[in-house]
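Take a look at the letters that make up each chain.
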Amino acid sequence: MSFENRTTRKLVQIAAAGANSGANLIFIGLSKLSTRELVQIAAAGKGCVTLSE
């Protein structure tokens, strides 16, 4: 799934849903986001999110 056109808020919701369901998520192509936004996404994922370029 392409995440580059999604808002940070939506990515945080996706990460949280993944954490709640036990899924492992890999987000690719988020280089346009700030460090703060990436940390928000990773924190919402509670360990299930991998951020990759």
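Here's a quick rundown of the structure.

What counts as what
- Residues numbered from 1 in each chain as written.
- Predicted model: local features only at pLDDT ≥ 70, side-chain atom pairs only at ≥ 80, totals over all residues.
- Heavy atoms only, no water.
- Helix = DSSP H or I, 4+ residues; strand = E, 2+ residues; numbered from the N terminus.
- Buried < 20%, exposed > 50% of the residue type's maximum accessible area, 1.4 Å probe, protein only.
- Polar contact = N/O pair within 3.5 Å; in protein donor to acceptor, adjacent residues only side chain to side chain.
- Contact = heavy atoms within 4.5 Å.
- Pairing = 2+ DSSP bridges.
- Right-handed = clockwise from strand over helix to strand, strands pointing away.
- Arc of directions from axis to C-beta.

### Some points on the side chain of Thr-8
Phase 1: With respect to the helices, strands and loops of the structure, Thr-8 is situated in helix α1 (residues 8-21).
Phase 2: A relative accessible area of 14% places Thr-8 in the buried class.
Phase 3: For Thr-8, the side chain forms a polar contact with the side chain of Glu-37, separated by 3.1 Å.
Phase 4: Contacts of Thr-8, omitting those with residues within four sequence positions, involve Leu-33, Glu-37, Gln-40 and Ile-41.

### Let's talk about the pairing of strand β2 (residues 49-52)
Regular strands have side chains that alternate between both faces of the sheet.
Phase 1: One ladder, built from 4 bridges, connects strand β1 (residues 25-28) with β2; its direction is parallel. Directly across from Ile-28, in β2, lies its bridge partner Ser-52.
Phase 2: Crossover β1 to β2 through helix α2 (residues 35-45) is right-handed.

### Let's talk about the environment of Leu-33
Phase 1: Locating Leu-33 in the fold gives a position in the loop between β1 and α2.
Phase 2: Spatially, the C-alpha atom of Leu-33 lies 8.1 Å from that of Thr-8, the residues being 25 residues apart in sequence.
Phase 3: Setting aside residues up to four positions removed in sequence, Leu-33 forms contacts with Thr-8, Leu-11, Leu-38 and Ile-41.

### Thoughts on α2
Phase 1: Within the sequence span of α2, burial applies to Glu-37, Ile-41, Ala-44 and Gly-45. Axial view of α2: buried residues confined to an arc of 105°, hence all on one face. Within α2, the exposed residues directed more than 90 degrees away from the buried face are Thr-35, Arg-36, Val-39 and Ala-43.
Phase 2: On the buried face of α2, the contacting elements are α1, β1 and β2.
Phase 3: A positive backbone phi angle near 50° is found at Lys-46, which sits one or two residues after α2.

By themselves, these figures tell us nothing about what the structure is for.
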